[in-house]
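This is what each chain is made of:
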Amino acid sequence: MKLKLLILFAAASSLILTFAGCARFLVLNDPHKSDVMVILAGETDRRLTRGLQLLDQGYAPRLILDVPAEAKIYQWSLTDLARKYVEGLPESASVEICPILGKSTRTEVQDVSRCLHGMRGKILLVTSDYHTRRALSIFRRVAPADYSVAAAFDDREFGARWWQHRQWAKTTVEEWAKFLWWELVERWR
C-alpha cells in the first residue's frame, strides 16, 4: 500500500511539474549577431520595439518588418501605416517593409525568403515570446539557414506561470496546440 501511494505521489508530482513548466518550454530567447533581422508579422507593438532595441545594440545592420499585405484598419492598409511609421524612425534607413501574403508562420517563411532576395547568412528572428520555439522550428525546416531567435515579452498576453492569469492560460493552450500540430502533422507534409 505504501509503495502504491509513493508511486502515485511521484506520478502526480511529475505531472504537476511538467504542467507548471509547459509555458516556459515554448520560449527561446537567444539572439546572435546576424546579417539581417526579421520581425515576424503579428503583434505590432512589442515585437517591433524589441527589434529596434536589438538593431540599436548592433545585433544586425538591417531589419525587415513583416506586415500583412491585405490587412486594413479602416481605409488604410497596414503596409501603408507601417511605411509611414518607419519613415519617422531614426533607424528608417535600416528598416525594410516586407509585405506578407500568407496567414500562417509556415507561409510567412516563403514571403520572408522573397524579401531576403536570396541572401544567405545569419538571420535573427524576432517574435512574441510564446511563439519563438515554433517559429524557429518552422523557419529551420521550411527554409534552412543559420537562424537565432529573440523573444518579445508582453506580460499582458503570456507568462511562465500560465495558471495565474486567464489570458496567459489561453495563450499557452493555443500555442501548445499550434506547436503540437506543427510537430506532429504539418512539418511532415
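For the structure itself, consult the block above.
Residues numbered from 1 in each chain as written. Predicted model: local features only at pLDDT ≥ 70, side-chain atom pairs only at ≥ 80, totals over all residues. Heavy atoms only, no water.

Draft legend 1. Geometry of the overall build of the protein chain. Broken down by element type, the protein chain carries 7 helices and 7 strands. Going residue by residue from the N terminus, the α and β elements of the protein chain occur as α-α-β-α-β-β-β-α-β-α-β-α-β-α. Across the 189 residues in the protein chain, those meeting the buried criterion constitute 40%. At a minimum sequence separation of 6, the contacts of the protein chain that also span at least 24 residues come to 71%. Carbon and sulfur atoms form 60% of the exposed surface of the protein chain, whose accessible area is close to 11100 Å². (Helix = DSSP H or I, 4+ residues; strand = E, 2+ residues; numbered from the N terminus. Buried < 20%, exposed > 50% of the residue type's maximum accessible area, 1.4 Å probe, protein only. Contact = heavy atoms within 4.5 Å. Areas by Shrake-Rupley, 256 points an atom, 1.4 Å probe, with all protein chains shown as cover.)

Draft legend 2. Looking closely at the pattern of salt bridges. In the structure shown here, the tally under the stated rule is 11 salt bridges. Across the salt bridge formed by arginine 156 and aspartate 45, the nearest N and O atoms sit 3.9 Å from each other. Residue arginine 156 is found in the loop between strand S7 (146-152) and helix H7 (166-184), and its partner aspartate 45 is found in the loop between strand S1 (36-39) and helix H3 (46-56); the two are separated by 111 residues along the sequence. Since its relative accessible area comes to 48%, arginine 156 is described here as partly exposed. With a closest N to O distance of 3.3 Å, arginine 114 and aspartate 111 form a salt bridge. Taken together, the residues span about one helical turn, with arginine 114 and aspartate 111 both in helix H5 (residues 105-115) at a distance of 3 residues. Classification of arginine 114 as partly exposed rests on a relative accessible area of 42%. When salt bridges with common partners are traced through the structure, they connect Asp45, Arg46, Asp154 and Arg156 into a single cluster. (Salt bridge = Lys/Arg side-chain N within 4 Å of Asp/Glu carboxyl O.)

Draft legend 3. Geometry of the nonpolar core. Judged by nonpolar contacts, the single largest core of 21 residues is most densely connected at Val38, Ile64, Ile123, Leu125, Phe139 and Tyr147. Only S1, strand S5 (95-100), H5, strand S6 (122-128), helix H6 (132-142) and S7 provide two or more residues apiece to this core. Broken down by element, this core gets its largest block of residues, 4 residues, from H6. With near-sequence residues (within four places) excluded, isoleucine 123 lies in contact with Ser34, Val36, Val38, Leu116, Ala145, Asp146, Tyr147 and Ser148. (Core = buried A, V, L, I, M, F, W, Y, C linked by side-chain atoms within 4.5 Å.)

Draft legend 4. Examining the state of the cysteines more closely. Across all of its chains, the model carries 1 disulfide by this definition. The disulfide that involves cysteine 98 links it to cysteine 115, with 2.0 Å between the sulfurs. Here the S-S torsion is close to 85°, and the disulfide linking cysteine 98 with cysteine 115 is therefore right-handed. Of this pair, cysteine 98 sits in strand S5 while cysteine 115 sits in helix H5; the two residues are 17 residues apart in sequence, bridging distant segments of the chain. Across the pair, exposure class does not vary: cysteine 98 and cysteine 115 are buried alike. (Disulfide = S-S within 2.5 Å.)

Draft legend 5. Up close: the environment of valine 67. Mapped onto the elements of the fold, valine 67 is located in strand S2 (residues 63-68). Taking the C-alpha atoms as reference, valine 67 lies 9.0 Å from isoleucine 39; in sequence the two are 28 residues apart. Setting aside its immediate chain neighbours within four residues, valine 67 contacts Leu78, Thr79, Ala82, Ile97, Cys98, Pro99 and Ile100.

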